[in-house]
Amino acid sequence: STDTITACDSYTWAEDTITYTVSGTYTATSTNAAGCTHTSTLILFINNSTSTSTSATACDSYTWNGTAYTTSGTYTAISTNAAGCTHIDSLFLIINNSTSGLTSVTACDSYTWDAVTYTTSGVYTNTYTNAVGCDSIHTLNLTINYSTFSTDTITACDSYTWAEDTITYTVSGTYTATSTNAAGCTHT
């Protein structure tokens, strides 16, 4: 008798219980029911499974075979190769993470952050690269309060005590006093 077999990677032939891993022609002899020699022939074609491996490093997520991965690890995908045997794809993945930071600041009149001077309250964002090569997003929550100014023009006889600084003036002139306004900024 003759068996023609195509197998993946190996084949164990029932006639001799040997596992074959190489294509070829093999024979086994036994005794048939009549007590005579029975010769079995195996014509064997071995096709091999295949595999590939990929290493990747990504920030936050990595898409492989249509799936987004957000955690480092080893991932596999199994398919069938052209010979009809198993094909295993392996992904060795390192996920590094982006970072972020928030700073809240209250300033008078202006505030300089990363070489830019802001004069209006608002939320400002800058993006840098962190130590692992991913985005580092810094957010500034800025409140700008403003200094205030007022002018009093006074004509007085002999002397004048100014309520702003409680000094009594006896000579005409322009005088200034500074204090802190309700917003915590300078009032002149």
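Quantities reported herein were computed from a predicted structural model and do not represent experimental measurements.

Q: Please explain the sheet that holds strand β15 (residues 135-145) as it appears in this structure.
A: Backbone-to-backbone hydrogen bonds join strands into a sheet, with any given pair of strands oriented parallel or antiparallel. Taken in spatial order, the three strands line up as β11-β15-β14 in an open sheet, and their pairing is mixed. Where the open sheet ends on each side, the last strands, each with one partner, are β11 (99-108) and β14 (122-129). Adjacent strand axes in the sheet meet at a mean angle of 20° when their direction is disregarded. For β14 and β15, the ladder comprises eight bridges, and the chain directions are antiparallel. Counted as the bridge partner of Asn 126 is His 138 from β15.

Q: Before we go on, may I ask you to explain the packing of aromatic side chains in this structure?
A: The relation between two aromatic rings is expressed through the spacing of the ring centres and the mutual angle of the planes. The full count for this structure, using the stated rule, is five aromatic pairs. Relative to Tyr 69, the ring of Trp 64 has its centre 6.4 Å away and its plane inclined at 50°; by these criteria the two rings are tilted. Of the two residues, Trp 64 and Tyr 69, both sit in the buried class. Through pairs of rings, three or more aromatic residues link up here, namely Trp 64, Tyr 69 and Tyr 75.

Rules of the game
Residues numbered from 1 in each chain as written. Predicted model: local features only at pLDDT ≥ 70, side-chain atom pairs only at ≥ 80, totals over all residues. Heavy atoms only, no water. Pairing = 2+ DSSP bridges. Helix = DSSP H or I, 4+ residues; strand = E, 2+ residues; numbered from the N terminus. Axes fitted to C-alpha atoms, helices over the stretch in contact; angles between N-to-C directions. Phe/Tyr/Trp six-rings, centres within 6.5 Å; stacked < 30°, edge-to-face > 60°. Buried < 20%, exposed > 50% of the residue type's maximum accessible area, 1.4 Å probe, protein only.

Distances and angles like these do not, on their own, reveal function.
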